Every structure is written in structure tokens, then in C-alpha cells.
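# Fold and geometry: a report
Below, each chain spelled out in residue letters.
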Amino acid sequence: DLMDIEFITVMDNMLKGGLENGRYALFGDFDKQVLYNTIDGEEDVWDILDICGKRGSKPLVYTLPYNCRNPIKVQKELQKLFGAEGKPAPALADMDGEVQYHKCKDDDYEREKIQKVLDELIDGEDRIDSKHIVVLAPHTLKNSVVSRVERHKIVVFDPKTTYNPKEKAVEVSTIYRFKGFGRPVVLLTGITEEEEDNLIYTGMSRAEYLLHVFYRKGSMIDKKRSGKEDRESVHE
């Protein structure tokens, strides 16, 4: 999201020697996690080599081959839905993880499904501590069905206390705000036909072990899981 002419100009001016003669390293997913630099749904991001080249710099490029965040099953879903690359980091090689999908017909049904999953996670046999759970949505809490979930305290995600929460509660965040963070258990909610692929990818890839995806008919998840998108491509 920082691969924009204005941000790059700031970096060029701040860096001793600038991009041409300064010492720097850029780490990022410059492909599937672009959420802000878009115009009418299309990515408006410069090629990173082109950006640096215009300022006289010719950086070495190295592709990190390992996915250091997601367990195998989450990675496989990301590969299947989005063509994500990478292989499990050695430390995650034996961690399967789990992905569960929940197709929801309306807001009430989705709220009930979210409620049931939280009940099972927090009060079930495994009794997962709520601090290890985050609920992500494209919209803010007040505009999400999560605001009507009962029996569990729901609070807005605070980046300052994410690793040391002040109270026992389930945190809720927009996918945008949670970018850069991760959590063992992620409930990705509110996925409709309006959400872009990059937003869904970013939300799903926050899961470090268990991922629940709540989606609607006609969404990208629905089309790809039902094969509808593939059939439409063949027809075209």
C-alpha cells in the first residue's frame, strides 16, 4: 500500500543518500494484499523495480519462498482460491490447522452461526481463550452482524493492546485495520459479492491455526467453491 509515488517520494527524501545511494530493504507482499491503492476496483500500484529505477537505484530482488504465518490447510485454501505461492516454513510443516466454511443466507442466519462457533470455541471442550480469537469484517463493528452477537463480550480491536488485552473479550476489527497482524483463530465474516479478492485474501491469511469463513451467495468464495466462476470463464 506504500508503493505510491507520494509515499516513495517521502522515503526517498528521508533516506540518507536517497533511494539511489542509500541503504534500505523493502519487505512485503506486493501482489495480493493491496487494499488502498485502487481506482475503481483496479490496482494502481507501480512496479517496485520501476519505482526504484526512476530514482537511479537497482536493488537486488529476493523472493521469500516460505509462508511463515499460515498452517498447511489454510495455505492450501489460499492457493486454491487465489493462486497464492509459497510453501510452509519448516516450523509449520507439521501443523495442519483447519478451515471451515459457513454459507449464510441472511444477516440473522450469519449472526446465529457466528454465535454458535464462538460458543463452541470458548465454552466447548477446547475452551480457547478469547484473546486468541479475532472476528474480522469488511465493515466496522456497528455496521456488522457481529454487533448483535450475545453471550460473549465484544470489543473493538486495539493495536496497542493486541498482545496484552486489558479485558477478557472477543476482539472485532475491520480487515483493513488488522492488516499486518495475526491471530491463532480468525472468524472472517460479512463476505458478500461486493468484496474484492485482495480484501478476502488479506482476511483469510491472518489465521495462524483455525479459520472460519462466513460468506453469502454470489460472493467470490461462493463462486469458487461451487465452481460457478470456472464455468462462467469457460462459457465466455
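Residues numbered from 1 in each chain as written. Predicted model: local features only at pLDDT ≥ 70, side-chain atom pairs only at ≥ 80, totals over all residues. Heavy atoms only, no water.

On a plain count of helices and strands, the protein comes out with nine helices and ten strands. Put simply, the protein has 236 residues, and 43% of those count as buried. Restricting to contacts in the protein with at least 6 residues of sequence separation, those with at least 24 account for 68%. Of the roughly 14,200 Å² of accessible surface on the protein, a fraction of 48% belongs to carbon and sulfur atoms. (Helix = DSSP H or I, 4+ residues; strand = E, 2+ residues; numbered from the N terminus. Buried < 20%, exposed > 50% of the residue type's maximum accessible area, 1.4 Å probe, protein only. Contact = heavy atoms within 4.5 Å. Areas by Shrake-Rupley, 256 points an atom, 1.4 Å probe, with all protein chains shown as cover.)

Under the counting rule described, the total for this entry stands at five aromatic pairs. On the basis of an interplanar angle of 80° and a centroid distance of 6.2 Å, the ring pair of Tyr101 and Tyr215 is categorised as edge-to-face. Residue Tyr101 is located in strand β5 (residues 98-104), and its partner Tyr215 is located in strand β10 (residues 207-216); the two are separated by 114 residues in the primary sequence. Taken individually, Tyr101 and Tyr215 each receive the classification buried, so the pair is uniform in this respect. Ring geometry for Phe157 against Phe178: centres 4.8 Å apart, planes inclined by 70°, an arrangement best described as edge-to-face. Of the two residues, Phe157 sits in the loop between β7 (154-156) and β8 (170-174) while Phe178 sits in helix α6 (residues 175-178), which places them 21 residues apart along the sequence. (Phe/Tyr/Trp six-rings, centres within 6.5 Å; stacked < 30°, edge-to-face > 60°.)

What follows deals with the side chain of His212. For His212, the location among the structural elements is in strand β10. Under the relative-accessibility criterion, His212 is labelled buried at 4%. His212 has contacts with Gln100, His102, Val117, Val186, Leu187 and Leu188, leaving out every residue within four places of it along the chain.

Confidence in the prediction of the protein, expressed as mean pLDDT, is 85, and 89% of residues score 70 or more. A low-confidence stretch, residues 39-45 (pLDDT under 50), is modelled with 13 contacts involving residues beyond four sequence positions or located in other chains. Ignoring residues within four places in sequence, the model shows residues 232-236, a span with pLDDT below 50, making zero contacts including any to other chains. (pLDDT = per-residue confidence, 0-100.)

With 27 residues, the main nonpolar core has Phe82, Tyr101, Leu188, Ile200, Met204, Leu211 and Ile221 as its most contacted residues. Those elements that place two or more of their residues in this core are α4 (72-82), β5, β6 (133-137), α6, β9 (183-191), α7 (197-204), β10 and α8 (220-226). When neighbours within four sequence positions are excluded, Leu211 is seen to be in contact with Val74, Glu98, Val99, Gln100, Val186 and Met204. Of all hydrophobic cores here, the second largest spans 19 residues; its members include Leu118, Ile122, Leu210 and Phe214. (Core = buried A, V, L, I, M, F, W, Y, C linked by side-chain atoms within 4.5 Å.)

The buried fraction of β8 amounts to five of the five residues, a majority that puts the element mostly inside the structure. In β8, alternate side chains face the same way, and those of Val170, Val172 and Thr174 on one face and Glu171 and Ser173 on the other are all buried. Summarising the sheet, β7 and β8 pair through three bridges and their orientation is parallel. Bridge assignment links Ile154 to a residue of β8, and that residue is Val170. (Pairing = 2+ DSSP bridges.)

On to helix α5 (residues 107-123), then. In this model, α5 (17 residues) spans 24 Å end to end at C-alpha, consistent with the 24 Å of a helix rising 1.5 Å per residue. Of the positions making up α5, those classed as buried are Glu110, Arg111, Ile114, Gln115, Val117, Leu118, Asp119, Leu121 and Ile122. N-capping of α5 is provided by Asp106, with a side-chain oxygen placed 3.3 Å from the backbone N of Asp108. (Expected span 1.5 Å × (residues − 1). Polar contact = N/O pair within 3.5 Å; in protein donor to acceptor, adjacent residues only side chain to side chain.)

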